[in-house]
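Report on the structure
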Amino acid sequence: MKKIGVTGGIGAGKSVVCQLFKLLGIPVYEADERAKWLTQHDPILKSAIIRLLGKDAYDVAGRYNRSFVASQVFNNPDRLAALNALVHPRVFADTDRWVRQQSAPYVLKEAALMRAAGDQNDLDAVIVVTAPLSLRVERIRERDPQRSEAEIRAIIDRQITDEARLQLADYVVDNGETRLLIPQVLDLDRQLRS
Ligand SMILES: CC(C)(COP(=O)(O)OP(=O)(O)OC[C@H]1O[C@@H](n2cnc3c(N)ncnc32)[C@H](O)[C@@H]1OP(=O)(O)O)[C@@H](O)C(=O)NCCC(=O)NCCS
Ligand SMILES: Nc1ncnc2c1ncn2[C@@H]1O[C@H](COP(=O)(O)OP(=O)(O)O)[C@@H](O)[C@H]1O
């Protein structure tokens, strides 16, 4: 079964594009959501995160304290790299397990980071979703009102540029709101099924 990555900077529209593929019956592994689930439910990962970031990484009820972790890593590249090094191998293993359970012409793996971060899930191709930076920031202000302007900027600064991301692309979905999205997804789905 073909494994296709879907990536893009924050606010590009990865989730929206993946929702459209889901409507076409394509299974989607949501790496960022799954990573958060694993930080909560994988005891080995949990203790490693506490060793790295301290006990405040989890709240009193034992839930992953995302706003604390975000404040610790998004403005500190070394700490983010250390967190990635803990989380990513668990996500790769979890992806493999998930793929084995699917039955479809192809599956998608949605992730903010891909290949540049050493994707080990042997992707057959990568779809990059793009949108102008100003539009992405506007979307994130609306979608994530809890994030300050500085946090949004810090997240963008931690990610590769769209230009670098396009180097990874086998397919591009232009979600800059000047081209219709659904026809682009239908066209890609046709290509990926064949
Ligand atoms: C730091 C963290 C606690 C923040 O949680 P949060 O406030 O709920 O924020 P999100 O997880 O929604 O991440 C916000 C944005 O940061 C970006 N991001 C997430 N993890 C990132 C990372 N490791 N490096 C660079 N950017 C990252 C993404 O663009 C994401 O937005 P998007 O999914 O809409 O593109 C959480 O992202 C985390 O644990 N990240 C590290 C684990 C990881 O690498 N996740 C990706 C799994 S492959
Ligand atoms: N083409 C579009 N038209 C209108 N809103 C959009 C479009 N694409 C994405 N959005 C909105 O922008 C926000 C960011 O999109 P999302 O898919 O969550 O991005 P990502 O997963 O890449 O961070 C969401 O609130 C989404 O509903």
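Keep in mind it's a predicted model, so treat the numbers as computed, not measured.

Right, let's talk about the sheet that holds strand β2 (residues 28–30) for a bit. The sheet built from five strands is open, its strands ordered β2-β3-β1-β4-β5 with parallel pairing. Either end of the sheet is taken by a strand with one partner, and the two such strands are β2 and β5 (171–174). Within the sheet, the average angular offset between the axes of one strand and its neighbour, ignoring direction, is 20°. Helix α2 (residues 31–41) rests against β2 and β3 (106–110) of the sheet, and its axis sits at about 50° to β2. Lying over the sheet, helix α9 (residues 181–193) contacts β1 (2–7), β3, β4 (125–130) and β5, oriented at roughly 165° with respect to β5.

With the rule as written, the count across this model stands at three aromatic pairs. When the ring of Y58 is compared with that of Y64, the centres are 5.6 Å apart and the planes differ by 45°; the resulting orientation is tilted. Residue Y58 shares its accessibility class with Y64, and that shared class is buried. The ring of W37 has R34 sitting right over it, with the charged end atom 4.4 Å from the ring centre.

Before going further, it helps to examine the site of ligand 2. Taken together, G9, I10, G11, A12, G13, K14, S15, V16, R139, R143, N175 and E177 make up the full set of residues adjacent to ligand 2. Backbone polar atom of G13 to an oxygen atom of ligand 2: 2.9 Å apart, as the coordinates give it. One of the side-chain N or O atoms of S15 is found 2.9 Å from an oxygen atom in ligand 2. Contact with the protein chains covers 71% of the free accessible surface of ligand 2, which is 560 Å². Examining the composition of the shell around ligand 2, we find that three residues originate from one element, helix α1 (residues 14–23), more than from any other. Residues of the shell around ligand 2, tallied by class, amount to three nonpolar, five polar and four charged.

About the criteria used
- Residues numbered from 1 in each chain as written.
- Chains lettered and ligands numbered in written order.
- Predicted model: local features only at pLDDT ≥ 70, side-chain atom pairs only at ≥ 80, totals over all residues.
- Heavy atoms only, no water.
- Pairing = 2+ DSSP bridges.
- Helix = DSSP H or I, 4+ residues; strand = E, 2+ residues; numbered from the N terminus.
- Axes fitted to C-alpha atoms, helices over the stretch in contact; angles between N-to-C directions.
- Contact = heavy atoms within 4.5 Å.
- Phe/Tyr/Trp six-rings, centres within 6.5 Å; stacked < 30°, edge-to-face > 60°.
- Buried < 20%, exposed > 50% of the residue type's maximum accessible area, 1.4 Å probe, protein only.
- Lys NZ or Arg CZ within 6 Å of the ring centre and 35° of its normal.
- Near = heavy atom within 4 Å.
- Polar contact = N/O pair within 3.5 Å; in protein donor to acceptor, adjacent residues only side chain to side chain.
- Areas by Shrake-Rupley, 256 points an atom, 1.4 Å probe, with all protein chains shown as cover.
- Nonpolar A, V, L, I, M, F, W, Y, C, P; charged D, E, K, R; others polar.

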